[in-house]
Amino acid sequence: MRRKMIAGNWKMYKTVTEALALVQGLKTKLIDIDDVDMVVAPPFTSLAMVYQAIQSSNIMLSAQDLYYEKEGAYTGEISGGMLKDIGCQFVIVGHSERRSLFGETDEIVNKKIHAALNAGLSAIFCLGESLEEREAGMTFDVVNRQVRAGLAGCGEKEMKNIVMAYEPIWAIGTGKTATPAQANEAHAYIRHLLSGIISGQGAEQALILYGGSVKPSNAAELMNQPDIDGALVGGASLTVESFSEIILSSRG
Ligand code: PEP
């Protein structure tokens, strides 16, 4: 039985003061939850303070991105080692906004996954098709390419620290959610692809999150699907009420 994971991607929202207020509220509301893995991904500027605030809670810390070099003259970039140093356990890699707005290719995503693992972080590896690709019947081809390229050089050992996140681009921040059946179909396909990379048992244990306009009103139905192991939540992770409702409804 796989444990559910709910991760909140705060994107470029929240000052340090706002981030602390949000995480304090979550801490209070979710104090008794020990059967769901809960992760928050604030902007870089709030990571250190949020890390202090989540001590003695069940909430874990993620960054939203990293650069794949260890250190050097890369103005504006942040390494995996720096994130680990300030208390991150996870880092999101390959988010569609990074891919579409900042030109991240599958090859860059692969380098970032290895950099995260080498720094002792777990990677939340995002992938998913665009609306045009879905309408052209290319969903599985795109997912296949992204999984294979993103996970190049990863085997059984690496996969223990990789969480997959299927996020159809047409559903991110649009209010349009994949139906539970559409999402589960893609998840089952990703699990099938994983079984060709690692053992069938390893693929069975892999966590595959769904992301794309998850909100309190649709979370339970999505989380009840057999191959959906949790959610990566954007907009609805920005308030205590909606994020904690999603967490509570993932418990079944
Ligand atoms: C995301 O940012 O990963 C995401 C899924 O956003 P939203 O929930 O707002 O669609």
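A short tour of the structure in this document, coming up.

What counts, and where the lines are drawn
Residues numbered from 1 in each chain as written. Predicted model: local features only at pLDDT ≥ 70, side-chain atom pairs only at ≥ 80, totals over all residues. Heavy atoms only, no water. Phe/Tyr/Trp six-rings, centres within 6.5 Å; stacked < 30°, edge-to-face > 60°. Helix = DSSP H or I, 4+ residues; strand = E, 2+ residues; numbered from the N terminus. Buried < 20%, exposed > 50% of the residue type's maximum accessible area, 1.4 Å probe, protein only. Near = heavy atom within 4 Å. Areas by Shrake-Rupley, 256 points an atom, 1.4 Å probe, with all protein chains shown as cover. Nonpolar A, V, L, I, M, F, W, Y, C, P; charged D, E, K, R; others polar. Salt bridge = Lys/Arg side-chain N within 4 Å of Asp/Glu carboxyl O. Axes fitted to C-alpha atoms, helices over the stretch in contact; angles between N-to-C directions. Parallel < 35°, antiparallel > 145°, perpendicular 65-115°, else oblique. Left-handed = near helix turned anticlockwise from the far one by under 90°. Contact = heavy atoms within 4.5 Å. Pairing = 2+ DSSP bridges. Right-handed = clockwise from strand over helix to strand, strands pointing away. 1 Å grid on protein atoms, 1.4 Å probe; cavity = no way out; pocket = protein on both sides within 12 Å on 5 of 7 lines; lining within 4 Å. Points joined across faces, edges and corners; volume = space filled by probe spheres on them. Expected span 1.5 Å × (residues − 1). Arc of directions from axis to C-beta.

Let us now look at the packing of aromatic side chains. Counted according to the given criterion, the structure contains four aromatic pairs. Centre to centre, the rings of F140 and Y189 are 4.3 Å apart; their planes meet at 5°, and the pair counts as stacked. Of this pair, F140 sits in helix α7 (residues 139-150) while Y189 sits in helix α9 (residues 180-195), placing them 49 residues apart in sequence. The interplanar angle of 50° and the centroid separation of 6.4 Å between the aromatic rings of Y166 and Y210 together place this pair among those described as tilted. Residue Y166 is found in strand β6 (residues 162-166), and its partner Y210 is found in strand β7 (residues 208-211); the two are separated by 44 residues along the sequence. With respect to burial, Y166 and Y210 carry one shared label: buried.

Take the site of the ligand next. Close to the ligand lie 14 residues; K11, E167, G173, S213 and G234 are nearest. For the ligand, the protein covers 95% of the area, taking 290 Å² as the surface of the free molecule. Here the shell around the ligand is composed, by residue class, of four nonpolar, eight polar and two charged.

Our focus in this paragraph is the pattern of salt bridges. A side chain of one charge can pair with a side chain of the opposite charge if their charged atoms are brought near each other. One pass over the full model with this rule turns up 14 salt bridges. Notably, a salt bridge pairs D106 with R145, separated by 2.7 Å at the nearest N-O pair. Here R145 lies in helix α7 and D106 lies in helix α5 (residues 106-118), a separation of 39 residues in the sequence. By sharing partners, the salt bridges in this structure join R2, R191, E204, D227 and D229 into a single network.

As a further point, take the packing of helix α11 (residues 216-223) against helix α12 (residues 240-249). Remark: α11 packs on α12, axes separated minimally by 8 Å, with the N-to-C direction vectors making an angle of 25°. Taken as axis vectors, α11 and α12 run roughly parallel relative to one another. At the point where α11 passes α12, the crossing takes the right-handed sense. Between α11, through P216, A219 and A220, and α12, the contact on the second element is made entirely by S242, E245, I246 and S249. In the contact of α11 with α12, the residues fall into four nonpolar, two polar and one charged.

Moving on, we get to the pairing of strand β2 (residues 36-41). Burial of β2 is extensive: six of the six residues sit out of reach of the surface. The side-chain alternation of β2 yields two buried faces, one formed by V36, M38 and V40 and the other by D37, V39 and A41. Pairing geometry for strand β1 (residues 4-9) and β2, over six bridges, is parallel. Counted as the bridge partner of M5 is D37 from β2. Running through helix α1 (residues 16-29), the crossover from β1 to the neighbouring parallel element β2 is right-handed.

As a further point, take the layout of surface pockets. Estimated volume of the largest pocket: approximately 560 Å³. Lining the largest pocket are 19 residues, and of these K11, M12, Q64, R98 and F102 lie nearest its centre. When residues of the lining of the largest pocket are traced back to their parent elements, those giving at least two are α2 (44-53) and α4 (96-102). With four residues, α4 is the single largest residue contributor to the lining of the largest pocket. Residues belonging to the lining of the largest pocket are distributed by class as follows: nine nonpolar, five polar and five charged. Size it by volume and the second largest pocket reaches roughly 330 Å³.

With that out of the way, let us pick up α1. Relative to the 20 Å expected for 14 residues at 1.5 Å per residue, α1 spans 20 Å between its end C-alpha atoms, a close match to the ideal helical length. Inspection of α1 places A19, L22, V23 and L26 among the buried residues, and these make up the whole buried set. Seen from one end, α1 has its buried residues packed into an arc of 90°, which puts them on one side. For α1, the exposed residues set more than 90 degrees away from the buried face come down to T17, A21 and T28.

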